[in-house]
Amino acid sequence: TMVGPNGNESSATYFILIGLPGLEEAQFWLAFPLCSLYLIAVLGNLTIIYIVWTEHSLHEPMYIFLCMLSGLDILVSTSSMPKMMAIFWFNSTTIQFDACLLQMFAIHSLSGMESTVLLAMAFDRYVAICHPLRHATVLTLPRVTKIGVAAVLRGAALMAPLPIFIKQLPFCHSNILSHSYCLHQDVMKLACADNRVNVIYGLIVIIVAIGLDSLLISLSYLLILKTVLGLTREAQTKAFGTCVSHVCAVFIFYVPFIGLSMVHRFSKRRDSLLPVIMANIYLLVPPVLNPIVYGVKTKEIRQRILRLFHVAKHTSDP
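As named in an unreviewed UniProt entry, the protein is Olfactory receptor, taken from Daubentonia madagascariensis.

As structure tokens, then:
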């Protein structure tokens, strides 16, 4: 037994990440497709950022917000994947207590920031479709920058108390986590003291961040739908075309998040594989799919990507 962070007897100077419960023998081989997905996510999102950055015609609120989303996707997958690969390939299952708290803070705060950016993108579509003449004056470049800064500060401020609360808890039962990385719900369950403060604050964060954001996004699209139904058929098609990528991104982000939260709240078995698989989907699938969705569905992005590969092909030809 070692002395924990709060001075009590505790085994939590480090945690053990077990990876995929019941699939320990297959983890080495499963790491290859997971690593491939991670590389696709990084490459895809970097491509989106590069295209928007270099094309001055794309320096509009919708594409700047998309850049922010891509940057957050890279960070959120990078906060978990390298350690996961180390577990699967090198059996590096231990993580220091403070490193675990830092990873936990990074994952949750980045997710909060991503939710805020998705809300900002919904607001951008609402103004562009419902008040098109005011779009240029409402969403100016300085204002878009301020929204980006506010998203970062909001995500960090909401999640900052989580590691502080966890650090006050004694861990005298077990230090084995059921995931491949540190999640608040997972770490919290190992405490051998009353953790109601963590449970209540975690619930408040979900309601204030994810709940409020998803409600406001839904409201934005109800107002958009009301406006679009009054337009001509051609204008309706164009309006829906500009929204479809964002709607896909919203579902890609919120469905795994809500599913993971529900499973954690109602799953009693610590060795269950379902929460682990859902957690991996939540952190890896949105960063992979978002660039694909925007690349396929957004005409301007698609044209630039095709042009980029066309130029690359010609420069590689002898």
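A. Structural detail: the overall build of the protein. A tally of regular secondary structure across the protein gives twelve helices and five strands. Taken over C-alpha atoms, the radius of gyration comes to 22 Å for the protein, in line with the 20 Å a tight globule of 318 residues would show. Each principal axis of the C-alpha distribution contributes one length, and for the protein these read about 70 × 55 × 30 Å. The 318 residues of the protein split such that 49% are buried. For the protein, the computed accessible surface area is about 16,000 Å², with 71% contributed by carbon and sulfur atoms. Averaging the locations of the 22 positively and 16 negatively charged side chains of the protein gives two centres separated by 9 Å.

B. Representation of the state of the cysteines. One pass over the structure, following the stated rule, counts one disulfide. In this model, C100 is linked to C182 through a disulfide, with the two sulfur atoms separated by 2.0 Å. In this structure, the disulfide formed by C100 and C182 twists by about -120° around the S-S bond and is classed as left-handed. Placement of C100 in helix α4 (residues 97–130) and of C182 in the loop between β5 (176–177) and α8 (184–188) is noted, with a sequence separation of 82 residues between them. For the residue pair C100 and C182, the accessibility class agrees, reading buried in each case. There is no disulfide at C67, and the cysteine sulfur nearest it, in C248, is 19 Å away. The class of C67 is buried, set by a relative accessible area of 15%.

Rules used throughout
- Residues numbered from 1 in each chain as written.
- Predicted model: local features only at pLDDT ≥ 70, side-chain atom pairs only at ≥ 80, totals over all residues.
- Heavy atoms only, no water.
- Helix = DSSP H or I, 4+ residues; strand = E, 2+ residues; numbered from the N terminus.
- Rg over C-alpha atoms; globule rule 2.2 N^0.38 Å.
- Buried < 20%, exposed > 50% of the residue type's maximum accessible area, 1.4 Å probe, protein only.
- Areas by Shrake-Rupley, 256 points an atom, 1.4 Å probe, with all protein chains shown as cover.
- Lys, Arg positive; Asp, Glu negative; His and termini not counted.
- Charge placed at Lys NZ, Arg CZ, Asp CG, Glu CD.
- Disulfide = S-S within 2.5 Å.

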